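Coordinate inspection notes
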Amino acid sequence: MNGSLTHLGALADPAAFTGPVDLQNTPDETALAMLERMALIRRTEEQIAEMDQAGEVNCPCHYAIGQEATAVGVAQHLRPTDRGFGAHRSHSHYLASGGSVDKLMAEVLGRDTGASRGMGGSMHLYGADTGFAGSVPIVAGTVPLAVGAGLAAKLDGSGDVGVAYFGDGACEEGVVHESLNLAAVMRLPVLFVVENNLYSSHLDIHLRQPSDRVARFAESHGIVTHVVDGNDVVEVARVAGELIGRARAGEGPGFIEAVTYRWRGHVGPDENIDVGLRRSAEEVAAWKKRDPIARLRAALETRGLAAADIDGRLDAAEQAAKAAREKAYDAPWPPQSALLDHVYAGQGDRS
Ligand SMILES: Cc1ncc(C[n+]2csc(CCOP(=O)(O)OP(=O)(O)O)c2C)c(N)n1
Ligand SMILES: [Mg+2]
């Protein structure tokens, strides 16, 4: 044994994979729907960023702009009875699963009509009706919950899956390794989705781990693993379909390492180049050329779809984001009497 490790190589090189994505056999309508959903995530977060900059948002916001393809590709194969769990950067996972943009916008403004009745903010999103079981900012905290959801689905024989969305930094928490082990040994229907954006807060993965390729942790448990360009929504959807299909059929867990990059800083709307160790203006600019939305759009144009049809979908996303913002400004605050709701079991439950 020589102790060598494999690395991401070209997948972590922003100069690679900048061309149109390969549409494979994706039908036009499916591709357009994925484009619109990615645009909805981006335009919604751009609106939130403006509100954040204006001091209108009362909670820290972590933006997934640049990472939209992973959430949308995976959600392509999910159903409302599945249970997805996210972390601090989960606007994308919530919206990709069909969560309401109106409720997201109201939640970041702390309004009563929000996804968590205005009590949670950006990092505590909940979409019971769409299978988004919740996001929690404790890094890696929801990974074992997804395994529990997988165990419940297996015991119920429902064919549903638990999905854990987490980051490369979360892989440094022990509970991720316990979760992988348990899911593997019990052959649970769980999909682990790591968005490896190469940073945990301001720290480059090369300063934190001996390899930038986190799939090695799943491989060591014998879990079926795919390492993909996380900015290629078609490829993410393809591998997610395969792994979710296996999980539903009782063939055990799967693991996707989707290599991507966040365009904004760790938290807040700025690019935060100066607080990043190694993150430079040149690096951010290079990654913007691997834009998941532009690359899908280019593929659709190459296939011959009319620019007007594509623009129509992108405009619809922008209008939905803007309308949600206006509605959220007008939405009521939670009443003072609701302050202790959901704090103690059995008291003051308004649901
Ligand atoms: C248990 C725990 N430790 C530390 C933090 C502080 N923290 C919040 S986000 C974050 C970085 C997480 O990085 P990663 O998992 O790669 O997700 P990303 O922010 O890149 O999406 C850290 C260290 C936390 N919220 N919870
Ligand atoms: Mg990260």
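Up top you'll find the structure we're talking about.
A brief look at the structure comes next. Along each chain, residues carry numbers from 1 onward, in the same order as the chain's sequence is written. Chains and ligands are labelled by the order in which they are written, letters from A for the one and numbers from 1 for the other. Only residues with pLDDT of at least 70 are given local features in this predicted model, and only at 80 or more are side-chain atom pairs given and counted; all residues enter the totals for whole chains, interfaces and linings. Side-chain calculation: all heavy atoms of the structure are included, whereas hydrogens and water are not.

Brief notes about the pairing of strand E8 (residues 254–259)
Along any regular strand the residues' side chains alternate between the sheet's two faces. Exposure is judged per residue with a 1.4 Å probe applied to protein chains only, and the accessible area is read against the type maximum: over 50% gives exposed, under 20% gives buried, and values in between give partly exposed. Helix and strand labels come from DSSP, where a helix needs a run of H or I of at least four residues and a strand needs a run of E of at least two; each type is numbered from the N terminus. Counting buried positions over the six residues of E8 gives six, a clear majority of the element. Burial of the side chains of E8 extends over both faces: Gly254, Ile256 and Ala258 are buried on one face and Phe255, Glu257 and Val259 on the other. Where strand E4 (residues 190–196) meets E8, six bridges bridge the pair, whose relative direction is parallel. Bridged to Leu191 within E8 is Gly254. The pairing criterion for strands is at least two bridges between them, as found by DSSP. As judged from the six bridges shared by strand E7 (residues 224–229) and E8, these two strands associate in the parallel manner. Opposite Val228, over in E8, you have Ala258 as the bridge partner. A clockwise course of the path from the first strand over the helix to the second, judged with the strands pointing away from the viewer, identifies a crossover as right-handed. Once you follow E7 into helix H8 (residues 233–248) and on to E8, the crossover reads as right-handed.

Let's talk about the sheet that holds strand E3 (residues 162–167)
In spatial order, the strands read E2-E1-E3-E4-E8-E7; together these six strands make up an open sheet with parallel pairing. Two strands lie at the open edges of the sheet, namely strand E2 (132–135) and E7, each paired on one side alone. Averaged over all adjacent pairs, the angle separating strand axes in this sheet is 15°, with direction ignored. Pairing of E3 with E4 involves six bridges; the strand directions are parallel. Directly across from Phe166, in E4, lies its bridge partner Val194. Throughout, a residue-residue contact means that at least one pair of heavy atoms, one from each residue, lies within 4.5 Å. Axis lines are fitted to C-alpha atoms, over the contacting stretch for helices. Their N-to-C directions set the angle, which ranges from 0 to 180 degrees. Running over the sheet, helix H5 (residues 143–156) touches strand E1 (83–86), E3 and E4 and is turned about 165° from E3.

Examining the site of ligand 1
We define proximity as follows: a residue is near a molecule or strand when any one of its heavy atoms falls within 4 Å of that partner. Within the structure, ligand 1 sits among 15 residues, and His88, Arg89, Gly169, Ala170 and Asn197 are positioned closest to it. Polar contacts, as counted here, are pairs of nitrogen or oxygen atoms within 3.5 Å of one another; within protein the pair requires one atom able to donate a hydrogen and one able to accept it, and residues that are adjacent in sequence qualify only if both atoms are side-chain atoms. At a separation of 2.8 Å, an oxygen atom of ligand 1 approaches a polar side-chain atom of Arg89. In this structure, an oxygen atom belonging to ligand 1 sits 2.8 Å away from a side-chain N or O atom of Asn197. Across the complex, the protein chains shield 71% of the 580 Å² of accessible surface that ligand 1 would expose by itself. Note that Gly is not counted as nonpolar here; it falls among the polar residues with everything else outside the nonpolar set of Ala, Val, Leu, Ile, Met, Phe, Trp, Tyr, Cys and Pro and the charged set of Asp, Glu, Lys and Arg. A breakdown of the residues in the shell around ligand 1 according to their chemical character gives five nonpolar, seven polar and three charged. Working definition of accessibility: Shrake-Rupley area with a 1.4 Å probe, residue cover restricted to the visible protein chains.

Quick notes on the pattern of salt bridges
Basic side-chain nitrogens of Lys or Arg form a salt bridge, by our definition, when they fall within 4 Å of a carboxyl oxygen of Asp or Glu. Using the criterion set out here, one finds 22 salt bridges in the structure. Where Glu172 meets Arg208, a salt bridge forms, and the shortest distance between an N and an O atom there is 2.8 Å. Here Glu172, found in the loop between E3 and helix H6 (174–185), pairs with Arg208, found in the loop between strand E6 (203–204) and helix H7 (215–219); they are 36 residues apart in sequence, far enough to count as distant. Exposure remark for Glu172: the relative accessible area of 40% places this residue in the partly exposed category. Arg297 is the partner of Glu301 in a salt bridge, and the nearest nitrogen-oxygen pair spans 2.9 Å. In this pair, Glu301 and Arg297 both sit in helix H10 (residues 292–303), four residues apart, roughly one turn of the helix. The network of salt bridges with shared partners includes Glu29, Glu36 and Arg313.

Focus on the coordination of the magnesium ion (ligand 2)
Water is absent from the atoms considered, so a metal site may look incomplete; donors are defined as N, O and S atoms within 2.8 Å of the metal, or 3.2 Å for Na, K and Ca. Only Asp168 (OD), Asn197 (OD1) and Tyr199 (O) from the protein reach the magnesium ion (ligand 2) as donors, at distances of 2.1 to 2.2 Å. Counting along the primary sequence, the residues that act as donors to the magnesium ion (ligand 2) give the motif D-x28-N-x1-Y.

Some points on the packing of helix H4 (residues 101–108) against helix H11 (residues 307–330)
Viewed as axis vectors pointing N to C, H4 and H11 meet at an angle of 45°, and their least axial separation amounts to 8 Å. Taken together, the axes of H4 and H11 are oblique relative to one another. For H4 against H11, the interelement crossing comes out right-handed. Every residue of H11 that contacts H4 at Val101, Asp102, Met105 and Ala106 is listed here: Ala320, Ala321, Ala324, Arg325, Lys327 and Ala328. The cut-offs work like this: below 35 degrees is roughly parallel, past 145 is roughly antiparallel, 65 to 115 is roughly perpendicular, and the gaps in between are oblique. Working rule for handedness: look at the near helix, and if it is turned counterclockwise from the far one by less than a right angle, call the crossing left-handed; if clockwise, right-handed.

Details of the pairing of E1
Pairing of E1 with E3 involves three bridges; the strand directions are parallel. Counted as the bridge partner of Phe85 is Ala164 from E3. With three bridges connecting them, E1 and E2 associate as parallel partners. By the bridge assignment, Gly86 is partnered in E2 with Ser135.

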